[in-house]
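Geometric and topological summary
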Amino acid sequence: MSVFHLAYTVTDLESTRRFYGGLLGCIEGRSSETWVDFNFFGNQLSLHVGEVIKSNNSSSSVEGVSVPMPHFGCVLDWNTFYDLAHKLKSEPVKFIITPNVRFLGQPGEQATMFFEDYSGNSIELKAYKNSTEVFSK
């Protein structure tokens, strides 16, 4: 079993716990007064209080849509993606790109959404129509 580990910075732990634990439903792991770990959809996300890396208006184009750089995220199953998208639309979430489908009818067709956590970190969640096409060309 391989689990991806990612460490990012956040402005404070209180709002971080509300966002990742309360809003996204991630289970909290170890923590201290300066960091907290979450089970981020089966991966380890370590969030440390510090200076948040901003995108500085840097972006990359995917299918003609400007996506924020840097960003992190996770690939979910199709139903989980849409359940979470529905929940996030009813919450005070700052969407960068609202839930939509790209590469429609092509290999790698995927639902995707971009939003910011309460510290301003850009996150992408996506789901593939056919989960075997995650690495399709």
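Predicted model only: the values in this text are computed from it and were never measured. (Residues numbered from 1 in each chain as written. Predicted model: local features only at pLDDT ≥ 70, side-chain atom pairs only at ≥ 80, totals over all residues. Heavy atoms only, no water.)

As a further point, take the sheet that holds strand 4 (residues 43–49). Paired through backbone hydrogen bonds, the strands of a sheet run either parallel or antiparallel to each other. Across the sheet, which stays open at both edges, the four strands sit in the order 1-4-3-2 with mixed pairing between neighbours. Every other strand in the sheet has two partners, leaving strand 1 (5–10) and strand 2 (27–31) as the edge strands with one partner each. Direction aside, neighbouring strands of the sheet carry axes that sit 30 degrees apart on average. Across six bridges, the pairing between strand 1 and strand 4 is parallel. Pairing of Val10 across the sheet is with Val49, part of strand 4. (Pairing = 2+ DSSP bridges. Helix = DSSP H or I, 4+ residues; strand = E, 2+ residues; numbered from the N terminus. Axes fitted to C-alpha atoms, helices over the stretch in contact; angles between N-to-C directions.)

This part is about the pattern of salt bridges. Counted according to the given criterion, the structure contains five salt bridges. In this structure, Lys94 engages Glu116 in a salt bridge whose closest nitrogen and oxygen atoms are separated by 3.8 Å. One end of the pair, Lys94, is in strand 8 (residues 94–102); the other, Glu116, is in strand 9 (residues 110–116), and 22 residues separate them in sequence. For Glu124, the salt bridge goes to Lys126, with nearest N and O atoms at 3.8 Å. The network of salt bridges with shared partners includes Arg102, Glu124 and Lys126. (Salt bridge = Lys/Arg side-chain N within 4 Å of Asp/Glu carboxyl O.)

Attention shifts here to the nonpolar core. Among the nonpolar cores identified, the biggest contains 27 residues, and Tyr20, Leu24, Phe40, Phe115 and Leu125 are the most heavily contacted of them. Elements with a minimum of two residues in this core: strand 1, helix 1 (13–23), strand 3 (35–40), strand 4, strand 7 (72–76), helix 2 (78–89), strand 9 and strand 10 (122–128). Ignoring any residue separated from it by four or fewer positions in sequence, one finds Phe115 in contact with Phe19, Leu24, Leu88, Val93, Lys94, Phe95, Ile96, Asn121, Ser122, Ile123 and Leu125. (Core = buried A, V, L, I, M, F, W, Y, C linked by side-chain atoms within 4.5 Å. Buried < 20%, exposed > 50% of the residue type's maximum accessible area, 1.4 Å probe, protein only. Contact = heavy atoms within 4.5 Å.)

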